[in-house]
2 protein chains.
Amino acid sequence: MEPRIGFVTLAVDDLERSLTFYRDGLGWASNGIVGAEFHDEVTGADGTIAFVTLGEGGLMIGLYGAGDLARDAQVAPVPATTGRHSIGVMVGSRDEADALLERAAAAGARIPAPAHLRPFGVYSGYFGDPDGHLWEVAYDSGDR
Amino acid sequence: MEPRIGFVTLAVDDLERSLTFYRDGLGWASNGIVGAEFHDEVTGADGTIAFVTLGEGGLMIGLYGAGDLARDAQVAPVPATTGRHSIGVMVGSRDEADALLERAAAAGARIPAPAHLRPFGVYSGYFGDPDGHLWEVAYDSGDR
């Protein structure tokens, strides 16, 4: 098979808090916290994780304890930070972009950058999840 | 339209270096550096970016200067860090996982965690790109 990107793992400091944000706040699909029965003897990482998805067949977002991700990848644990990555959500109109940003704000997200029209024709803004992971909500007008 | 995840933006400290790593080192598709003609007067961000994709119709990875991403999202610039997020690439076998990790290493990636079989039946390992962004290369055996 051709390699394909199947998931993005986000390190979180409080798994319940993050699941509440994405599932209850944003309304994204999730089967809740799973994998607690798995422990990796090689790395010391626990398997406890929650996946959320945005739409059928969409990319899976894995919400995974920061300590477990560090152990799983065998890197030093580091504190949460904001601004070195962002996940882009495409929506169908400016109103949909504004509505998703408003919903995120109502769920407790920080909105560092309200949506505006960028010079390449994309109307977008950003929200930060409870750990500061950035999401860009974008409508592409196609007008370059 | 239903919202869908369309891209992931990775902040990079040297756009040419990152493009070389992904396009020439990993062999992923890219049209090179684009958007240099765009400057956003609202945020001060330049549009200069490179997109790489893994497979037809796959998720776009935007390689974007760290200063520009910080300006675009209107957050404070922060130095590169490793371990708070990871992008997962699904491959079709253990051998394919090992081969992609080896290719990444040959392209200059750090390999903090060589692949091994995890207790939930996934054989995976991690590499870090030139800015420390983690990638997990994973084969799911389906054996739980």
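This text follows the structure it describes.
Along every chain, residues carry numbers that run from 1 in the direction the sequence is written. Here the convention is simple: chains get letters from A, ligands get numbers from 1, in the order in which they are written. Owing to the predicted nature of the model, reporting of local features is limited to residues with pLDDT of at least 70; listing and counting of side-chain atom pairs is limited to 80 or more, with chain, interface and lining totals taken over all residues. Each side-chain value is derived from all of the structure's non-hydrogen atoms; neither hydrogens nor water enter the calculation.

Chemist: Is there a simple way to think about the interface of chain B and chain A in this case?
Modeler: Where interface size is given, it is often the accessible area lost as the parts come together that is meant. The contact definition used throughout considers only heavy atoms, calling two residues in contact when any of these lie within 4.5 Å. Each partner contributes to the interface: chain B provides 59 residues, whereas chain A provides 59 residues. When chain B packs against chain A, close to 5000 Å² is buried across both sides, 62% of that on carbon and sulfur atoms. By convention, the term buried area covers the 1.4 Å-probe accessible surface removed from two parts as they join, with the contributions of both added. Looking at the side of chain B facing chain A, the largest losses of area belong to Ile5(B), Phe7(B) and Arg84(B), adding up to 17% of the total buried there. The term salt bridge refers to a side-chain nitrogen of Lys or Arg lying within 4 Å of a carboxyl oxygen of Asp or Glu. One salt bridge connects Arg84(B) with Asp13(A), and the closest N-O pair in it is separated by 3.2 Å. Contacts described as polar in this section are N or O atom pairs within 3.5 Å, which, within protein, must combine one atom able to donate a hydrogen with one able to accept it, while residues neighboring in sequence count only if both atoms come from side chains. Inspection of the region where chain B meets chain A yields 21 residue pairs in polar contact (both at pLDDT 80 or more). Every element with two or more residues in the side of chain B that touches chain A is listed here: β1 (4–12), α2 (66–73), β5 (85–90), β6 (110–117) and β8 (134–140) of chain B. Helical segments are the DSSP runs of H or I of at least four residues, strand segments are the runs of E of at least two, and each set is numbered from the N terminus. Ranked by the residues each element gives to the side of chain B that touches chain A, the list is headed by β1(B), at nine residues. A per-class count over the side of chain B that touches chain A returns 33 nonpolar, 15 polar and eleven charged. Here the term charged refers only to Asp, Glu, Lys and Arg, the term nonpolar to Ala, Val, Leu, Ile, Met, Phe, Trp, Tyr, Cys and Pro, and the term polar to all other amino acids, Gly among them.

Chemist: Would you explain the relation of the copies chain B and chain A in this entry?
Modeler: Note: a rotation about an axis with an accompanying shift along it relates these two copies of the chain. Superposition of the copies used a least-squares fit over C-alpha atoms from residues whose pLDDT is at least 70 in both. Taken as rigid bodies, chain B and chain A are interconverted by a rotation of 180° and an axial shift of 0.0 Å, the fit giving an RMSD of 0.0 Å. Taken together, the rotation and translation describe the operation of a two-fold axis. Comparing contact sets, 100% of the residues at the interface of chain B also lie at the interface in chain A, consistent with an isologous, same-surface contact.

Chemist: Sorry, what's going on with the sheet that holds strand β4 (residues 60–65) of chain A here?
Modeler: What links the strands of a sheet is backbone hydrogen bonding, and the strands pair in either a parallel or an antiparallel sense. Whether two strands pair depends on DSSP finding at least two bridges between them. Overall, mixed pairing links the eight strands, which are arranged β2(A)-β3(A)-β4(A)-β1(A)-β5(B)-β8(B)-β7(B)-β6(B) in an open sheet. Taken across any chain shown, the strands that pair with only one partner, and hence form the sheet edges, are β2 (29–34) of chain A together with β6 of chain B. Sheet twist, expressed as the average angle between the axes of neighbouring strands with direction ignored, equals 20°. Helix α1 (residues 15–25) of chain A rests against β1 (4–12), β2, β3 (49–53) and β4 of chain A of the sheet, and its axis sits at about 170° to β2(A). With axes taken as lines fitted to C-alpha atoms, and helix axes fitted only over the stretch in contact, angles between N-to-C directions fall between 0 and 180 degrees.

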